[in-house]
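One-letter residues, chain by chain:
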Amino acid sequence: MKPTYLIALISSFAFTFSCSTDDVSLSETSESLYFPPINSDVWETTSSAELDWDDSQLEPLLTFLEEKNSKAFIILHEGKIVEEHYFGDHTDSTPWYWASAGKTLTAAIAGIAQEEGLIDINEKVSDYLGTGWTTASLEKENLITSRNLLEMTSGLNDNLGDDVSTSHLHYLEDAGERWAYHNVYLKLQDVLSAASHDSWSNYFNTKLKAKIGMSGAWLQTDNSSVYWSTARSMARFGLLSLANGKWETDQIVPELFMYDATNTSQLINEAYGYSWWLNGKSTYHLPQTQFEFQDEIIPNAPSDTFAALGKNDQKIYVVPSKDLVIIRMGEAADDENFALSSFDTDLWEKINAFIN
């Protein structure tokens, strides 16, 4: 393990154990959870009646989802399926794209690679890719770390489109000085491939996909590497995240890395971790703007909700206080969007009526 990561570990431990005794410890969360078996379609269910939810509000929720161009919707409670519904000709075996919700998959792999000693997210990207991976001066390029890619603080110009070839990666501000939703995070996949001496897909499949029974594949779409899978596979990753990176007794993503990933990662956009969006913060930034908005990202969702959000309303909501994972796949509910949209608040209005 590299010295800089050891320091980060010690700091994280100090922070964790300084928390209030009212806080639930990270490892306790997974003890009550059910995990569906690997390589099986079996998945235990529980009824909304057992949970004392309001069944009269389920039909309005499903009607709303259908009206909003949804294809798949799943609610897990303590890992068990409470509601699973598909719309139109979409089924439990139909793949769909995660869009930017898949950024959280890349973040998880970064945590695994760091635990294995292959990378240190605090080291500069050029240590792994070589210099000249941007058009910035060597001095400015060497400021950019893998952590900056996870946080969206590379300082590279986010107004030049999704192409992340060298000629499109231009310096705008020093790394860490500006939060901007940028496709340059894909360079982290190159870092992980170089560090593991394996292809990105193979390393991902071995270290995460196979270990939690996911289906799916990374496909090149325009200038992006996009993950496609079934809704159940998305739910499996949501469950892993609810369990702080643990699957049954196997700690797949390091627990402390998951803690860091699902808490504020930098001081500019407090509602952003390592590719996860964070509710319960007083301010937030949106993609393609430098304006700071006052409020939580989803004011009517539980304050501890963290979410993987993708273009056109691909959603993974994880709510530790309620042991919930909620999945939504589909076309854009209203207008095309890059992550957050008014649909989040509207959907949570319907969810709250059902679960509360």
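Above this text sits the structure in question.
Computed from a predicted structure; not experimentally measured.

Visitor: Even after reading the chapter, I still don't get the overall build of the protein chain, so can you show me in this structure?
Guide: Of regular secondary structure, the protein chain possesses 11 helices and 13 strands. For the protein chain, whose C-alpha radius of gyration is 20 Å, the value lies close to the compact-globule estimate of 21 Å for 356 residues. The C-alpha extent of the protein chain, read off along each of the three principal axes, is 60 × 40 × 40 Å. Within the protein chain, the fraction of its 356 residues that count as buried is 54%. Summarising the internal contacts of the protein chain: among those between residues at least 6 apart in sequence, 63% fall at separations of at least 24. For the protein chain, the exposed area adds up to about 14700 Å²; of that, 48% sits on carbon and sulfur atoms. Between the mean site of the 22 positive side-chain charges and the mean site of the 53 negative ones, the protein chain shows a separation of 5 Å.

Visitor: Any chance you could explain the environment of Glu 59 here in plain terms?
Guide: Structurally, the position occupied by Glu 59 is in helix H2 (residues 58-67). Take Glu 59: its relative accessible area is 52%, and that puts it in the exposed class. With 17 residues separating them along the chain, Glu 59 and Leu 76 place their C-alpha atoms 17 Å apart.

Visitor: It is not clear to me how the packing of helix H3 (residues 103-115) against helix H7 (residues 187-196) should be interpreted in this structure. Could you clarify?
Guide: Helix-helix packing: each pair is described by the crossing angle between the helix axes and the interaxial distance. Packing of H3 against H7 brings their axes to within 10 Å, and their N-to-C directions diverge by 30°. The pairing of H3 with H7 is recorded here as roughly parallel in orientation. Considering how the two elements wind past one another, H3 and H7 form a crossing that is left-handed. In this structure, H3 contributes Thr 106, Ile 109, Ala 110 and Ala 113 to the contact, and H7 contributes Leu 188, Gln 189 and Leu 192. A breakdown of the residues in the contact of H3 with H7 according to their chemical character gives 5 nonpolar, 2 polar and no charged.

Visitor: Explain H7 here, please?
Guide: Three or four residues apart is the spacing at which side chains of an α-helix point the same way, because the helix has 3.6 residues per turn. The buried count for H7 comes to 7 of 10 residues, which makes it a mostly enclosed element. Turning to H7, its buried residues are Lys 187, Leu 188, Gln 189, Val 191, Leu 192, Ala 195 and Ser 196. Where H7 is buried, its residues meet H3, helix H4 (126-129), helix H6 (146-151), helix H8 (200-212), strand E4 (217-221) and strand E5 (224-229). Looking at the residues trailing H7, positive phi occurs at His 197, about 55°.

Visitor: Explanation requested: the side chain of Thr 46 in the structure shown.
Guide: Within the secondary structure layout, Thr 46 lies in the loop between helix H1 (3-17) and H2. Accessibility expressed as a relative area gives 13% for Thr 46, which makes it buried. At 3.2 Å, the side chain of Thr 46 and the side chain of Glu 50 are in polar contact. Those residues in contact with Thr 46 that sit more than four places away from it in its chain are Leu 51, Lys 80, Ile 81 and Val 82.

Visitor: Looking at this structure, I do not really get the pattern of salt bridges. What am I missing?
Guide: Pairing between side chains of opposite charge can happen when the charged atoms of each approach one another. On inspection of all chains with the given rule, the structure shows 12 salt bridges. Glu 116 is the partner of Lys 207 in a salt bridge, and the nearest nitrogen-oxygen pair spans 2.7 Å. One end of the pair, Lys 207, is in helix H8; the other, Glu 116, is in the loop between H3 and H4, with 91 residues separating them in the sequence. The partly exposed category is assigned to Glu 116, whose relative accessible area is 38%. Taken together, the shared-partner salt bridges in this structure form one network comprising Asp 158, Glu 173 and Arg 178.

Visitor: Help me understand the packing of H3 against H8 in this model?
Guide: At a minimum axis distance of 11 Å, the contact between H3 and H8 shows a crossing angle of 75°. As far as their axial angle goes, H8 and H3 are roughly perpendicular. Here H3 contributes Leu 105, Thr 106, Ala 108, Ile 109, Ile 112 and Ala 113 to the contact with H8, which in turn contributes Trp 200, Tyr 203, Phe 204, Lys 207 and Leu 208.

Visitor: Looking at this model, I keep getting lost on the side chain of Asp 158. Mind explaining?
Guide: Residue position: Asp 158 is located in the loop between H6 and H7. Owing to a relative accessible area of 14%, Asp 158 belongs among the buried residues under this scheme. One polar contact links Asp 158 to Arg 178, side chain to side chain, over a distance of 2.6 Å. Apart from residues no more than four positions distant in its own chain, Asp 158 is found in contact with Leu 172, Arg 178, Ala 180, Tyr 181 and His 182.

Visitor: How do you make sense of the sheet that holds strand E12 (residues 314-319) when you look at a structure like this?
Guide: In any sheet, the strands associate via hydrogen bonds between backbone groups, in a parallel or an antiparallel arrangement. Taking strand neighbours across the sheet as the criterion, the 6 strands line up as E2-E1-E13-E12-E11-E8 in an open arrangement whose pairing is antiparallel. The sheet is open, and its two edges are formed by strand E2 (80-86) and strand E8 (277-278), each paired on a single side. Strands in contact with H2 are strand E1 (70-77), E2 and strand E13 (324-330); relative to E1, the strand with the most contacts, it is inclined by about 145°.

Each value, and the rule that gives it
- Residues numbered from 1 in each chain as written.
- Predicted model: local features only at pLDDT ≥ 70, side-chain atom pairs only at ≥ 80, totals over all residues.
- Heavy atoms only, no water.
- Helix = DSSP H or I, 4+ residues; strand = E, 2+ residues; numbered from the N terminus.
- Rg over C-alpha atoms; globule rule 2.2 N^0.38 Å.
- Buried < 20%, exposed > 50% of the residue type's maximum accessible area, 1.4 Å probe, protein only.
- Contact = heavy atoms within 4.5 Å.
- Areas by Shrake-Rupley, 256 points an atom, 1.4 Å probe, with all protein chains shown as cover.
- Lys, Arg positive; Asp, Glu negative; His and termini not counted.
- Charge placed at Lys NZ, Arg CZ, Asp CG, Glu CD.
- Axes fitted to C-alpha atoms, helices over the stretch in contact; angles between N-to-C directions.
- Parallel < 35°, antiparallel > 145°, perpendicular 65-115°, else oblique.
- Left-handed = near helix turned anticlockwise from the far one by under 90°.
- Nonpolar A, V, L, I, M, F, W, Y, C, P; charged D, E, K, R; others polar.
- Polar contact = N/O pair within 3.5 Å; in protein donor to acceptor, adjacent residues only side chain to side chain.
- Salt bridge = Lys/Arg side-chain N within 4 Å of Asp/Glu carboxyl O.
- Pairing = 2+ DSSP bridges.

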